[in-house]
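Report on the structure
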Amino acid sequence: VQQQASGGGLVQAGGSLRLSCAASGRTFSTYTAGWFRQSPGKEREFVAGIRSSGGYTYYAEPVKGRFTISRDNAKNTVYLQMNSLKPEDTAVYYCAAARGIILSSLRIPRQYDYWGQGTQVTVSS
């Protein structure tokens, strides 16, 4: 599975962005997908995850109620809708995919098998 993230950019606080992650491979629909982010000097952190069917979604506390993860398996694409953006959301955002990942490992970057290149999101105050 190869992935490519897009949709990042510069936005003012309170604004919105929609990130997309296009994946290749016939089996992408069987993978759990996740979004992570990393700021300079910080570790990569979990943002949101979605099971292969799209029926279950998970969010980090700082983004709950503001971000929405979704997927379109027919298009092999995962999305992250980000609303009410804050300066602290500024980071490079990465999409990732994993097979057979258990719930307790969903937030752990090293549990993911495939990663896309990052896309920069900058929120100005």
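Just above sits the structure.
A brief structural summary.

Let's shift gears to the pattern of salt bridges. Tallying each qualifying case throughout the model produces four salt bridges. A salt bridge links Glu45 to Arg37; the shortest N-O distance between them is 2.6 Å. With relative accessibility at 37%, the residue Glu45 sits in the partly exposed group. Close ionic contact of Lys64 with Glu61 constitutes a salt bridge, the shortest N to O distance being 2.8 Å. By relative accessible area, which is 44% here, Lys64 ends up partly exposed. Judged by relative accessible area, Glu61 falls into the exposed class, the value being 59%. The network of salt bridges with shared partners includes Arg37, Glu45, Arg66 and Asp89.

With that settled, the discussion passes to the state of the cysteines. In the structure shown here, the tally under the stated rule is one disulfide. Residue pairing for Cys21: its cysteine sulfur links by disulfide to Cys95, the two sulfurs lying 2.1 Å apart. As the torsion about the S-S bond is roughly 60 degrees, the Cys21-Cys95 disulfide counts as right-handed. Of this pair, Cys21 sits in strand 3 (residues 17-23) while Cys95 sits in strand 9 (residues 91-98), and the two are 74 residues apart along the sequence.

A word on the nonpolar core. Residues Trp35, Leu80, Met82 and Tyr93 are the most contacted members of the largest nonpolar core, which totals 36 residues. Elements with a minimum of two residues in this core: strand 3, strand 4 (32-38), strand 5 (45-50), strand 6 (57-59), strand 7 (67-72), strand 8 (77-82), strand 9 and strand 11 (119-124).

Turning next to the packing of aromatic side chains. As enumerated under the stated definition, the model contains six aromatic pairs in all. Taken together, a centroid distance of 5.1 Å and an interplanar angle of 55 degrees make the contact between Phe36 and Trp115 tilted. In this pair, Phe36 sits in strand 4 while Trp115 sits in strand 10 (residues 114-115), placing the two residues 79 residues apart along the sequence. If you follow Arg18 out to its NZ or CZ, it ends over the ring of Tyr79, 4.0 Å from the centre.

The next thing to look at is the side chain of Thr77. You can see Thr77 is positioned in strand 8. In this structure Thr77 comes out as buried when scored by relative accessible area, which is 9%. Every residue in contact with Thr77, bar those within four places of it in the chain, is listed here: Ser20, Cys21, Ala22, Phe28, Ser70, Arg71 and Asp72.

The rules behind each value
- Every chain's residues receive numbers from 1 upward, in the order its sequence appears when written.
- It should be noted that, the model being predicted, local features are given only for residues of pLDDT at least 70 and side-chain atom pairs only at 80 or more, the latter also being counted only at that level, while totals for whole chains, interfaces and linings use all residues.
- Remark: hydrogens and water are excluded; side-chain values derive from all non-hydrogen atoms of the structure.
- One speaks of a salt bridge when a side-chain nitrogen belonging to Lys or Arg is within 4 Å of a carboxyl oxygen belonging to Asp or Glu.
- Residue exposure (1.4 Å probe, protein chains only): buried if accessible area is under 20% of the type maximum, exposed if over 50%, otherwise partly exposed.
- In this description, the term disulfide denotes a pair of cysteine sulfurs within 2.5 Å.
- Strands here are runs of E lasting at least two residues and helices are runs of H or I lasting at least four, both read from the DSSP assignment and numbered beginning at the N terminus.
- Working definition of a nonpolar core: buried Ala, Val, Leu, Ile, Met, Phe, Trp, Tyr and Cys residues. They are joined through side-chain atoms within 4.5 Å.
- Here a Phe, Tyr or Trp ring, Trp counted by its six-membered ring, pairs with any other such ring whose centre lies within 6.5 Å, and the pair is stacked when the planes are under 30 degrees apart, edge-to-face when over 60, and tilted otherwise.
- Think of it as a cone above the ring: NZ of Lys or CZ of Arg counts as a charge over the ring if it is within 6 Å of the ring centre and within 35 degrees of the ring normal.
- Any two residues whose heavy atoms approach within 4.5 Å are treated as being in contact.

Keep in mind these values describe shape, not function.
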